[in-house]
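# Coordinates in review
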Amino acid sequence: MATAVALAAPLRLAPSRRWRFSADLRAEPPSCLSSRRGASASYPTAAATVPKVLDDSVIEPYGIRDYIERSRELIKPDGGPPRWFSPLECGARGTDSPLLLYLPGIDGTGLGLIRHHQRLGKIFDIWCLHIPVMDRTSFEGLVEYVERTINSEKSYSLNKPIYLVGESIGACLALAVAARNPDFDLVMILANPATSFSKSQLQSVSTFLGILPEPLHVTIPYFVNFITGYHLTFRGLPDNFNDMLADLSFLVDILPKESFIWKLDLLKSAALFVNSRLHVVKAQILILASGRDQLLPSRDEAERICRNLPNCRIRHFKESGHTMFLESGIDLVTIIKGAGYYRRSSQTDYVSDYLLPTPLEFQQATEIYRWFDLATSPVMLSTLQNGKIVKGLMGIPSKGPTLLVGYHMLLGLELGIMFSRFFTEKRIHLRGLAHPFLFNRASEQLMPDSSSFDGHRLMGAVPVSATNFYKLLSMKSFVLLYPGGAREALHRKGEEYKLFWPKKSEFIRMTSKFGATIIPFGVVGEDDMCDVLLDYEDLVKIPFYDTLNKRINQDGVRLRTDTVEEVGNQDLYPPILLPKIPGRLYYLFGKPIETRGRSEELRDRRQAQQLYIHVKSEVENCMAYLKEKREKDPYRNLLPRLLYQTTNGFTTEVPTFEI
């Protein structure tokens, strides 16, 4: 009974005395939990003391079986009302970790995030809502309960958002709270919201549910799928028949017939409540929509909600079912990071809020470049301090702050290989200053896949700005900057290897302020990859292209609008390309240019301009060197490289010209 009381009244206790529960749900003494708020957690962030490039934390795997076993203990009747609990495996959070409230689906156990507890616990303070099986709190009563919790915790979350993660009816609960409290700073992650209940096949279930005897209601396929994600088909049955019977017994316990009927009515009232207030929601929202949700039209509903809410984005999961959080292929932390939805203050800070990628995230983000790497067999050259050019990245300093400045190849073809090689060969994490188009909601809606730019954010790209540049240098990062920006990456026909840099220095004085090393670099090979058939000048002559042009080049994603130089013509467009049999990419990183100790000297605009011109000429010299030397490379073309790799192995490095 003490357990029930401790769970039922979290708002009457000081936050440091909330009780937490272990795997078997035994109550732990409050004194064991005082470190929960204000403790220092060892999760990896961009500001970690020891430089790291990957988050290699070990995570214990959990699955459906763990969900069922733990739920059996949690659903034992105690007569108590809804309450919060914090799973022990979430660990101690950091002092600046935001609060995350998990709002469960129709099962009400609060364990729907069991696969994600450990990873989420490193960056959030997690509270999970448990709604007892026999509880009959109305939807508005649940909304008020969550509101009271948020109001109580706001004093501990000054200038920090509160996260609401809800699935199905839990997503409706989150939307209702946001609608009633537009001034709350909320970030909401909503999986398959049940706002489309009126279009769901579940409506038909309630009509004949009353005639089924008590245990048989769990044999309804919709029911089983709604609770556990199982399907009562041959493919979906557990391997062991006894396991299947045990799971069906669990379903009877978790939602007896009376409770199931009540939850269906609750779903109906939740959908009506939210849909009538949806237009007033201002919170930051990310909707996760399953492509194989057999209960709700989640994909269409996500699009409908997004059209009505200007601060809403979508991530589609084509192969997922209704209970996506229990599926092994879903990683909620990766989704939040990739979408740029993790923040610890009132505004997103892409520098200080950045979380290092895990080995799996790095692999997935760079996987698309692996075949490009194999096909092009890139040549990496660098320059030592004495001016000697060597193979590999030996000439790259091992410590920051370092600024890499170079030529931006067509469509940024050089980026993926460059990031990957720096990661694997030098254990260096490049932080790219990227065009704001990659972070814009409207840009995502133009793409075939709304998650097209998530890999860039996972790998540390930040919107280009003087503030972000300053922060990265102050953290001794390796910063990647393209002064020519989109004008170079989307150049016109015949403009390959031409720099479109501003006439005046932009980065020298800030670089010298932190004593950063400047590494000019050039890259060639795009003319051996493809030809531009239609560029921007051609496309604008096509009827009806002006509509797409306006959507792409809206004011929110334009740069350098105040300059009359050619670099200011940064109209974004989708070039039409003619692919070639791939040639080879060549990189040359020039001699490092030190600015340490030159801060006072380079405050003089004339001195800074001279160094700026020198850096630009070094980039041009790098490209000129590569264009000349590649003519002597016997393996410049694909066929000789394939013959060499067939003889010596495809993991063998292909030779190149003599240096």
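Residues numbered from 1 in each chain as written. Predicted model: local features only at pLDDT ≥ 70, side-chain atom pairs only at ≥ 80, totals over all residues. Heavy atoms only, no water.

A few words on the overall build of the chain. Helix and strand counts for the chain come out as 22 helices and 18 strands. Burial statistics for the chain: of 659 residues in total, 56% are counted as buried. Across the chain, every contact between residues at least 6 apart in sequence was considered, and the portion connecting residues at least 24 apart equals 81%. Surface summary for the chain: the accessible area is close to 28,600 Å², and the carbon and sulfur share equals 54%. (Helix = DSSP H or I, 4+ residues; strand = E, 2+ residues; numbered from the N terminus. Buried < 20%, exposed > 50% of the residue type's maximum accessible area, 1.4 Å probe, protein only. Contact = heavy atoms within 4.5 Å. Areas by Shrake-Rupley, 256 points an atom, 1.4 Å probe, with all protein chains shown as cover.)

With that settled, consider the packing of aromatic side chains. Scanning all chains against the criterion turns up 20 aromatic pairs. Seen from their ring centres, W501 and F507 are 6.4 Å apart, and the 80 degrees between their planes marks the pair as edge-to-face. Taking the relative accessible area as the measure of exposure, W501 reaches 5% and is therefore buried. Since its relative accessible area comes to 1%, F507 is described here as buried. A connected cluster of aromatic rings, assembled from ring pairs, spans F422, Y482, F521, Y587 and F589. The ring centre of W371 lies 4.8 Å from the NZ or CZ of R370, which sits over that ring. The ring of F500 has R487 lying over it, and the distance from NZ or CZ to the ring centre is 4.1 Å. (Phe/Tyr/Trp six-rings, centres within 6.5 Å; stacked < 30°, edge-to-face > 60°. Lys NZ or Arg CZ within 6 Å of the ring centre and 35° of its normal.)

Now for the packing of helix α4 (residues 139-153) against helix α9 (residues 257-275). Relative to each other, α4 and α9 sit at 65 degrees, their axes nearing to 9 Å. Contacts between α4 and α9 involve F139, E140 and L142 from the first element and L266, S269, A270, F273 and V274 from the second. Each residue belonging to the contact of α4 with α9 can be placed in one class, and the counts come to six nonpolar, one polar and one charged. (Axes fitted to C-alpha atoms, helices over the stretch in contact; angles between N-to-C directions. Nonpolar A, V, L, I, M, F, W, Y, C, P; charged D, E, K, R; others polar.)

A cluster of nonpolar side chains, contributed by L533, L534, I542, I576 and L578, occupies part of the molecular surface with about 380 Å² of accessible area. Counting through the fold element by element, L578 comes out in strand β16 (residues 576-579). (Patch = residues over 30% accessible without salt bridge, like charges linked within 9 Å, V, L, I, M, F, W, Y side chains within 5 Å. Salt bridge = Lys/Arg side-chain N within 4 Å of Asp/Glu carboxyl O.)

Ordered in space as β1-β3-β2-β4-β5-β6-β7, the seven strands form an open sheet in which the pairing is mixed. A strand with exactly one partner marks an edge of an open sheet, and here the two such strands are β1 (83-85) and β7 (312-317). Along the sheet, successive strands turn relative to each other by an average axial angle of 20 degrees, direction set aside. Two strands pair when backbone bridges link them, and strand β5 (residues 186-191) and strand β6 (residues 284-290) are joined in this way by five bridges, in the parallel orientation. (Pairing = 2+ DSSP bridges.)

Taken N-terminus to C-terminus, the directions of helix α5 (residues 169-180) and α9 make an angle of 35 degrees; their axes are 9 Å apart at the nearest point. Of the two possible hands of crossing, α5 and α9 adopt the one that is left-handed. When α5 is examined against α9, the residues I169, C172, L175, A176 and R180 are found in contact with a partner set consisting of L266, L267, A270, F273 and V274. (Left-handed = near helix turned anticlockwise from the far one by under 90°.)

The next point concerns the side chain of H491. With respect to the helices and strands, H491 occurs in the loop between α17 (485-489) and α18 (508-513). Look at H491 and you get buried, because its relative accessible area is 1%. In terms of polar contacts, H491 uses its side chain to reach the side chain of E526, at 2.7 Å. (Polar contact = N/O pair within 3.5 Å; in protein donor to acceptor, adjacent residues only side chain to side chain.)

Time to look at α4. Counted at 1.5 Å a residue, the expected span for α4 with its 15 residues is 21 Å, and the 21 Å between its end C-alpha atoms agrees. Within the sequence span of α4, burial applies to F139, G141, L142, V143, Y145, V146, E147, T149, I150 and E153. (Expected span 1.5 Å × (residues − 1).)

With that out of the way, let us pick up the pattern of salt bridges. Under the counting rule described, the total for this entry stands at 34 salt bridges. Its salt-bridge partner being D331, residue R119 comes within 2.6 Å of it at the nearest N-O pair. Of this pair, R119 sits in helix α3 (residues 117-121) while D331 is found in the loop between β7 and α11 (332-338), placing the two residues 212 residues apart along the sequence. Judged by relative accessible area, R119 falls into the buried class, the value being 13%. In this structure, E361 and K337 form a salt bridge, with 2.7 Å as the shortest nitrogen-oxygen distance. In this pair, E361 sits in helix α12 (residues 359-376) while K337 sits in helix α11, placing the two residues 24 residues apart along the sequence. Residue class for K337 comes out buried when judged on its relative accessible area of 10%. Connected through shared salt-bridge partners, R313, R315, E444, D454 and R457 make up one network.

Once that is clear, we can look at unusual backbone geometry. Of note, the bond from G400 into P401 is cis; its omega dihedral lies within 30 degrees of zero at 0 degrees. Of note, S168 is a non-glycine position whose phi angle comes to about 60 degrees, a positive value. Among the secondary structure elements, S168 is positioned in the loop between β4 (162-167) and α5. A residue is classified by how much of its surface remains accessible, and S168, at 3% relative accessible area, is buried. Positive phi values are uncommon outside glycine, yet L411 reaches one of about 60 degrees. Mapping L411 onto the fold places it in the loop between β10 (402-406) and α13 (415-426). In this structure L411 comes out as partly exposed when scored by relative accessible area, which is 44%.

By the criterion of burial, strand β2 (residues 99-103) is predominantly enclosed, with five of the five residues buried. Alternating residues of β2 divide into L99, L101 and L103 and L100 and Y102, and every residue in both groups is buried. Pairing of β2 with strand β3 (residues 125-130) involves four bridges; the strand directions are parallel. Bridge pairing in β3 links L100 to I126. Of the pairings in the sheet, the one linking β2 to β4 comprises five bridges and is parallel in character. Within β4, the position partnered with L101 by the bridge is L164.

Turning our attention to the nonpolar core. Core analysis: the biggest nonpolar cluster contains 96 residues, and F139, L186, M188, V281, I285 and L288 have the highest contact counts within it. Sort the elements by how many residues they give to this core and α5 lands first, with ten residues. Ranked by size, the runner-up nonpolar core spans 60 residues in total, among them L403, L410, L415 and F589. (Core = buried A, V, L, I, M, F, W, Y, C linked by side-chain atoms within 4.5 Å.)

So, about the environment of I396. By the element assignment, I396 lies in the loop between β9 (389-391) and β10. Aside from chain neighbours lying at most four places away, what touches I396 is S382, F422, K426, I428, F478, I519 and F589.

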